[in-house]
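A closer look at the structure
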Amino acid sequence: IDTQLPLTLVILPEQFQTTPITWDSENKAVATVDDNGVVTTLTNGTTTITATAVINGKEATCSVEVRVPVSGLTVNPKLVTFTTLGVQATVPYAVVVPSTAHNKNVTWSSSNPAVATVNSTTGAITVITSGATNIIATSDADNTKSDYCAVTVTIPPASIALNSTATFTAASTGGSTTRYATVSPAQAANRNVSWSSSNTGVATVSPATTASGSNATITLVNRGSACGIAAASATIYARSAANSGIVASFTATSNGTAACPPPCSGTVQGNLCWSGSTTQTTWDNRSCGGESGFVVPTREQMLAACNAGVGGFRLDYAYWSSEEATSSNAHGVGFTQCNTMAMPKTFNYLVRCVKYI
């Protein structure tokens, strides 16, 4: 605009070179022409410039088309972040300068269509996945003139799921297993999983962070094998690293051990508890006069007597004893034959019991 362009007029024959000429523009809004044939452009459009010989009305014409070039363009907004998939409500726009440019149309493109695409005509953006791209506007009139909007896509995690929520159980001496968690959607910007245990004295988990779909190892702590260890459990949590409120869990249980035997009610010696002796007279309680041999109890009978007398003990050993009118004739271990003394005697089998503590 406001460009001056002198026109050259050739007059024939040459002797009429100095004849007066009038100049005129058909569309003076587009361009004007002065008396010397200099055209001044005003705006986009077309006009016809006519040169007329005053002497005889002969004319010469020149068609003039004015096209205002694009000097630049600006895209707004310059930066935008999306957190949802699909077509977005926010549409960038391009401002072409000057405002009087002949062609202010632009073509839109995406530098990374794997993250987001753009409608080449309208500039509408469709988000595909998390990431970054530039949405570029290029002048249709001059492809050297362009600008862009920087787009960041951050899709948040929506859910998390374990490959198994079944309780993991092992003995009190420990054990391990693996589990993994999957964060959805697949387009989420951060799909890492944070692992933790509600009771690290029962179960631990490592590593503390895994990628979605990668195994973590859950280990039940070795709590020993002694008697009386109670069963214990821990809750294992798998949380979205981006949002701890998105969580899945399962239980890890360490089994207990058998109950310990009752406290010693006898005499403690080392790791043994001695009960002393208990006498069972029902096996043999008769006069011996003239008889030989004894009614010897079975091992099962002796063990039953031991448990009946001091519950929880086991049979240690047993022996014979005798009671007579005088104690000088007491018989010890190995006594197998009743003597023939005329005085009646009573024979008893004594049981000694013991347990480990």
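On a predicted model such as this, the values are computed, not experimentally measured, just so you know.

Thoughts on unusual backbone geometry
- A cis amide bond, omega -5°, links Asn76 with the succeeding residue Pro77.
- Along the polypeptide, Pro77 turns up in the loop between strand 7 (72-76) and strand 8 (79-82).
- In this chain, Val97 is followed by Pro98 through a cis amide linkage whose omega measures 0°.
- Examined against the element boundaries, Pro98 turns out to sit in the loop between strand 10 (93-97) and strand 11 (106-110).

Here's the deal with the packing of aromatic side chains
- Using the criterion set out here, one finds 0 aromatic pairs in the structure.
- Positioned above the aromatic ring of Tyr148 is the side chain of Lys78, whose terminal nitrogen or guanidinium carbon lies 5.6 Å from the ring centre.
- Above the plane of the ring of Phe250 lies Arg179, whose end atom (NZ or CZ) is 4.2 Å from the centre.

Considerations on the sheet that holds strand 19 (residues 193-197)
- Pairing in this open sheet of 5 strands is mixed, and the strands run 17-24-23-19-21 from one edge to the other. On the outer flanks of this sheet lie strand 17 (168-170) and strand 21 (209-210), each paired with one strand and no other.
- Of the pairings in the sheet, the one linking strand 17 to strand 24 (residues 247-254) comprises 3 bridges and is parallel in character. Each bridged residue has a counterpart across the sheet, and for Ala170 the counterpart in strand 24 is Ser254.

A closer look at the confidence of the model for the chain
- On average, residues of the chain score 82 in pLDDT, and 73% of them are at 70 or above.
- When the criterion is pLDDT under 50, residues 317-351 qualifies, and its contacts beyond four places in sequence or with other chains add up to 90 contacts.

Considerations on the nonpolar core
- If you look at the biggest cluster of nonpolar residues, it comprises 22 residues, and the most contacted ones within it are Ile160 and Trp195.
- Looking at this core, the elements that each hand over two or more residues are strand 16 (159-162), strand 17, strand 18 (175-184), strand 19, strand 20 (203-206), strand 22 (215-220), strand 23 (232-240) and strand 24.
- Among the elements that take part in this core, strand 23 stands out by supplying 4 residues, more than any other.
- Formed by 20 residues, the second largest nonpolar core is a distinct cluster that contains Val80, Ala116, Ile135 and Ile155.

A closer look at the side chain of Ser139
- Looking at the secondary structure, you find Ser139 in strand 14 (residues 131-139).
- A polar contact of 3.1 Å, which involves the side chain of Ser139, links it to the backbone nitrogen of Ala141.
- What Ser139 contacts, discounting residues up to four positions off in sequence, is Val70, Leu73, Asn105, Val106 and Lys145.

Let's talk about the environment of Phe168
- In this structure, Phe168 sits in strand 17.
- Look at Phe168 and you get buried, because its relative accessible area is 11%.
- The sequence separation of Phe168 and Ala252 amounts to 84 residues, and the corresponding C-alpha distance is 4.7 Å.

Notes on the pairing of strand 8
- Alternating positions in strand 8 separate cleanly, Val80 and Phe82 being buried on one face and Leu79 and Thr81 remaining unburied on the opposite face.
- In terms of strand pairing, strand 8 meets strand 15 (residues 146-153) through 4 bridges, oriented parallel. Of the residues in strand 15, the one forming a bridge with Val80 is Val151.

Thoughts on the sheet that holds strand 14
- As summarised here, the arrangement of the 4 strands in space is 8-15-14-11, forming an open sheet in which the pairing is mixed. Only two strands of the sheet have a single partner each, and these edge strands are strand 8 and strand 11. Each strand axis lies, on average, 25° off the axis of its neighbour in the sheet, ignoring direction.

Some remarks on the pattern of salt bridges
- Scanning the entire structure with this criterion turns up 4 salt bridges.
- The salt bridge partner of Asp24 is Lys28, with a shortest N-O separation of 2.8 Å.
- Look at Lys28 and you get partly exposed, because its relative accessible area is 49%.
- Here Asp147 ties to Lys78 by a salt bridge, and the two come within 2.7 Å at their closest N and O atoms.

Calculation notes
Residues numbered from 1 in each chain as written. Predicted model: local features only at pLDDT ≥ 70, side-chain atom pairs only at ≥ 80, totals over all residues. Heavy atoms only, no water. Helix = DSSP H or I, 4+ residues; strand = E, 2+ residues; numbered from the N terminus. Phe/Tyr/Trp six-rings, centres within 6.5 Å; stacked < 30°, edge-to-face > 60°. Lys NZ or Arg CZ within 6 Å of the ring centre and 35° of its normal. Pairing = 2+ DSSP bridges. pLDDT = per-residue confidence, 0-100. Contact = heavy atoms within 4.5 Å. Core = buried A, V, L, I, M, F, W, Y, C linked by side-chain atoms within 4.5 Å. Buried < 20%, exposed > 50% of the residue type's maximum accessible area, 1.4 Å probe, protein only. Polar contact = N/O pair within 3.5 Å; in protein donor to acceptor, adjacent residues only side chain to side chain. Axes fitted to C-alpha atoms, helices over the stretch in contact; angles between N-to-C directions. Salt bridge = Lys/Arg side-chain N within 4 Å of Asp/Glu carboxyl O.

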